[in-house]
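# Coordinate analysis (summary)
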Amino acid sequence: MTAELIIENAHIRTLDPEKPFATHIAITDGMIAAIGGADDVKPHHGSQTRLIDGKDLHITPGITDSHFHPFWGTIATRGADLTKANTLDELRAILRAERDKVGPDAWVIGWGLTFEMFQETGIRGDLFADAVDGGLAYLRFFEGHTSVASPAAIAFSDVTGRETFGEYSEVVTDEHGVPTGELREGKAMELITRHIPEPSEETMYGWYLEEMKKWNALGITGMHNMDGTPETYPFLRKMEEKGDLTVRMIVPLHQQPHFELDYMREQLQYRDEKGTLFRGGVAKFFNDGVIESGTAWLIDPDTKGMNTEPFWPDPNKYKEAVRIFAEAGFQCATHAVGDMAVRCALDAYEAAGVADGLHHRIEHIEQLDDADVPRFARLSVGASMQPLHMNAFEEDGSDEWSVRVGPERRKRGFRTRDLLNSGAILALGSDWMVAPYDPRIGMAWARLRRPGGMPEKGYINREQALTPEEVLAGYTTEAARIVSEEAFSGMLKVGYRGDLTAFAADLIETDADALLDLPILLTVVHGRVVFEA
């Protein structure tokens, strides 16, 4: 059969134990038709075949980010980039520039805020009110679970501090019951965001296409999309029909505590939704929030007496929801940052069971009790982790995460090595917009347990570091295995997907500190070249 694409004379690391290296690969109808040497691909040459000379290409299976928010992240990262603001004065300077940019009456929107600048004052909107000329402002923290609004935004949105919610959310108030501006978790944040004008569908579609090109340019061929709803499937189908979808997506259905169980059952009809580059079959849950704002769920309280509440007011309803989807043949994925949230998820999975050939999964796992480490492998539960979330950590433990968990629990943070050694599936990703989606940054963190290219930075639990081979597997073979696609994805092998990423040097042999400077030269999805340097 004639191939659409043949790459010749390349340096190919297949991750297929039976044929670990190759020089030539042919792709037909989106699948690998031949791989090996020149003689293997020769029968697939044709007049319409595109030939690429791969002498400078070091090829791996396509890079998959196992936890990504493509649509929500695209929208949430519009406005002022606050990731470089380390002090309140730096924050105010950025906000003044944004106010000048958008005008006196518009909302000032910012994203990527960190907690440390508020450690002495507490999180308060009045701290930056003058910088936005007393006007409307709404700032998201980097972790996506906390925000802060200006006093004018609080008043404009009629937020009183007396609101109650059907899930764990909070409008933080001072000693007089007056809202400080800090908003914890989704329902509290919606009190403000519902008043912010939304861009048109056409504008958002353009943003998505713009971001997708960036993902492809960084070698990303697939992602596990964590912000799906039933409406996501027809949207992706439209994108695919127009030829605009250039990454593979697995799209879970996000379940919330206020959903009635009957509504969850109605969603079972979407289990087999799929296109060429996307599919459903997964239900997503939140068991807690984040440690920095006190909304995670720990076995023992943090040093400030917080991080003790589950996201679902009734954890038994969460367990019943898991059972409904598991018995219908769905994979279940649960956000669980704290060790109690992880334990609750494991308990729910053990009680519900899992369909043949599937693995339930847990996202983040920033704290994990010793007793629960072996349960992942025993229950065939996958671990989906993002070591680069430690980017805000300080060697001396002065960062908000470390202050809250304390020195002993800090030693049990992000236990990638322990989970892998226990036999668990370990898939890696970014959780963008929480962290940068450049996979080279994530790979460096997983290998070094500190930022790549910054040897002066201290290591965070260095004994949990992974080898280069284990990290590459986390973005390829393990990313396929956690979603039960290892029979046709994650390797470069005949009959497998024609997804590949090409670098300027071998990923395994490249020093971890040099990864950030390693050029990406080619990205191929389903046999289609979606990026070429």
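Coordinates for the structure precede this section.
Structural notes, computed from the coordinates. Residues take numbers from 1 onward in each chain, read along the sequence in its written order. A pLDDT threshold of at least 70 governs which residues receive local features in this predicted model, and a stricter bar of 80 or more applies before side-chain atom pairs are shown or counted, although totals over entire chains, interfaces and linings include all residues. Excluded from the side-chain calculation are hydrogens and water; included are all heavy atoms of the structure.

## Digging into the sheet that holds strand 12 (residues 146–149)
Spatially, six strands are ordered 9-10-11-12-14-13 in an open sheet, and the strand pairing comes out mixed. The open sheet has two edge strands with one neighbour each: strand 9 (80–81) and strand 13 (170–173). Strand contacts of helix 3 (residues 88–102): strand 9, strand 10 (108–113) and strand 11 (137–141), with the helix running at about 145° to strand 10, the strand carrying the most contacts. Helix 5 (residues 186–193) rests against strand 11, strand 12, strand 13 and strand 14 (179–184) of the sheet, and its axis sits at about 120° to strand 14. Paired strands, in this sense, are two strands between which DSSP finds at least two bridges. Labels follow the DSSP assignment, with helices taken as runs of H or I lasting at least four residues and strands as runs of E lasting at least two, numbered in each case from the N terminus. The contact criterion used throughout is that any non-hydrogen atoms of two residues lie within 4.5 Å. To get an axis, fit a line to the C-alpha atoms, keeping to the stretch in contact for a helix; angles then go from 0 to 180 degrees between the N-to-C directions.

## A look at the environment of Val-483
Examined against the element boundaries, Val-483 turns out to sit in the loop between helix 16 (477–481) and strand 24 (500–503). Residue Val-483 is classed as buried on the basis of its relative accessible area, which comes to 4%. With near-sequence residues (within four places) excluded, Val-483 lies in contact with His-224, Ile-250, Arg-279, Gln-331 and Arg-361. Only protein chains enter the accessibility calculation, which uses a 1.4 Å probe. A residue is then buried if its area is under 20% of the maximum for its type, exposed if over 50%, and partly exposed in between.

## Thoughts on empty space enclosed by the protein
Over the atoms rolls a probe the size of a water molecule, and its path tells where empty space is left. Think of a 1 Å grid over just the protein atoms. A cavity is a set of points where a 1.4 Å probe fits yet cannot get out, a pocket is an open set with protein on both sides within 12 Å along at least five of seven lines, and lining residues have an atom within 4 Å of a point. Grid points are joined across faces, edges and corners, and a volume is the space filled by probe spheres set on the points. Evaluation of the coordinates by the stated rule reveals three cavities of 30 Å³ or more. Within this model, the largest cavity holds a volume of roughly 50 Å³. If you list the elements that add at least two residues to the lining of the largest cavity, you get helix 14 (439–448) and helix 15 (468–474). Note on residue classes: Ala, Val, Leu, Ile, Met, Phe, Trp, Tyr, Cys and Pro are nonpolar, Asp, Glu, Lys and Arg are charged, and everything else, Gly too, is polar. A class-by-class count of the residues in the lining of the largest cavity yields six nonpolar, no polar and one charged.

## Concerning the nonpolar core
Among the nonpolar cores identified, the biggest contains 92 residues, and Trp-215, Met-249, Ile-362 and Phe-376 are the most heavily contacted of them. Element by element, the count of residues in this core is highest for helix 10 (residues 339–352), at eight residues. Other than its neighbours up to four places away in sequence, Met-249 contacts Pro-70, Phe-71, Trp-215, Met-223, Asn-225, Leu-236, Leu-277, Phe-278 and Arg-279. Among the buried residues, those of types Ala, Val, Leu, Ile, Met, Phe, Trp, Tyr and Cys that are joined through side-chain atoms within 4.5 Å form a nonpolar core. Membership of the second largest hydrophobic core comes to 22 residues, among which are Leu-88, Leu-113, Leu-127 and Leu-139.

## Things to note about the packing of aromatic side chains
Pairing of aromatic rings covers Phe, Tyr and the six-membered ring of Trp, with a centre-to-centre limit of 6.5 Å; geometry is then stacked below 30 degrees between planes, edge-to-face above 60, and tilted otherwise. Taken as a whole and assessed by the stated rule, the structure comprises 25 aromatic pairs. Note on Phe-118 and Phe-141: the rings are 5.8 Å apart at their centroids and 55° apart in plane angle, and the pair reads as tilted. Pair noted here: Phe-118 is in the loop between strand 10 and strand 11 and Phe-141 is in strand 11, with a separation of 23 residues, a long-range link. Residues Phe-118 and Phe-141 agree in their burial class; the two are buried. Here the aromatic residues Phe-285, Trp-312, Tyr-318, Phe-325 and Phe-330 are joined through ring pairs into a cluster of three or more. Whether a charge lies above a ring is judged from NZ of Lys or CZ of Arg, which has to be within 6 Å of the ring centre and within 35 degrees of the ring normal. Taking NZ or CZ as reference, Arg-462 lies 3.8 Å from the ring centre of Tyr-459, over its face.

## Points about the pattern of salt bridges
Throughout this description, the term salt bridge denotes a Lys or Arg side-chain nitrogen within 4 Å of a carboxyl oxygen of Asp or Glu. Applying the stated rule across the entire model yields 36 salt bridges. Notably, a salt bridge pairs Arg-378 with Glu-350, separated by 3.4 Å at the nearest N-O pair. Of this pair, Arg-378 sits in helix 11 (residues 373–379) while Glu-350 sits in helix 10, and the two are 28 residues apart along the sequence. The exposure class of Glu-350 is partly exposed, given its relative accessible area of 40%. Through salt bridges with shared partners, a single ionic network connects Arg-343, Asp-347, Glu-350, Asp-369, Asp-372, Arg-375 and Arg-378.

## Regarding helix 10
One less than the residue count of a helix, multiplied by 1.5 Å, gives the span that helix is expected to have. Here helix 10 is 14 residues long and its end C-alpha atoms lie 20 Å apart, about the 20 Å a rise of 1.5 Å per residue gives. Taken residue by residue, helix 10 has Asp-339, Ala-341, Val-342, Cys-344, Ala-345, Leu-346, Ala-348, Tyr-349 and Ala-352 as its buried positions. Gly-353 sits one or two positions beyond helix 10 and adopts a positive phi of about 75°.

## Quick notes on the state of the cysteines
Here, a disulfide means two cysteine sulfur atoms that sit within 2.5 Å of each other. Tallied over the full model, the rule gives zero disulfides. Of all cysteine sulfurs, the one in Cys-344 lies closest to Cys-332, which takes part in no disulfide; the gap is 12 Å. A relative accessible area of 4% means that Cys-344 is categorised as buried.

## Describing the environment of Gly-46
Along the chain, Gly-46 turns up in the loop between helix 1 (38–41) and strand 6 (50–53). Look at Gly-46 and you get partly exposed, because its relative accessible area is 30%. Through-space distance from the C-alpha of Gly-46 to that of Thr-2 is 5.5 Å; in sequence the pair is 44 residues apart.

## Digging into unusual backbone geometry
Omega for the peptide link from Trp-432 to Met-433 comes to 25°, which places this bond in the cis form. Inspection of the secondary structure puts Met-433 in the loop between strand 23 (426–428) and helix 14. In this structure, Glu-185 is a non-glycine residue whose phi angle is positive, near 75°. Structurally, the position occupied by Glu-185 is in the loop between strand 14 and helix 5. With a phi angle near 60°, Asn-307 is a residue other than glycine that sits in the positive phi range. One can find Asn-307 in the loop between strand 19 (282–286) and helix 9 (315–327). Classification of Asn-307 by relative accessible area gives buried; the value is 1%.

## Thoughts on the environment of Thr-87
Assignment of secondary structure puts Thr-87 in the loop between strand 9 and helix 3. Separated by 402 residues in the primary sequence, Thr-87 and Ser-489 have C-alpha atoms spaced 45 Å apart.

## Topic: the side chain of His-364
Note on placement: His-364 falls in strand 21 (residues 361–364). Taking the relative accessible area as the measure of exposure, His-364 reaches 2% and is therefore buried. Among residues more than four places away in sequence, those in contact with His-364 are His-67, His-335, Ala-336, Val-337, Ser-384, Met-385, Gln-386, His-389 and Asp-431.

## Remarks on the sheet that holds strand 3 (residues 21–22)
Overall, mixed pairing links the six strands, which are arranged 3-2-7-24-25-26 in an open sheet. Pairing within the sheet leaves two strands with one partner each, and these edge strands are strand 3 and strand 26 (528–532). In this structure, strand 2 (residues 11–13) lies alongside strand 3, joined through two bridges in antiparallel fashion. Opposite Arg-13, over in strand 3, you have Phe-21 as the bridge partner.

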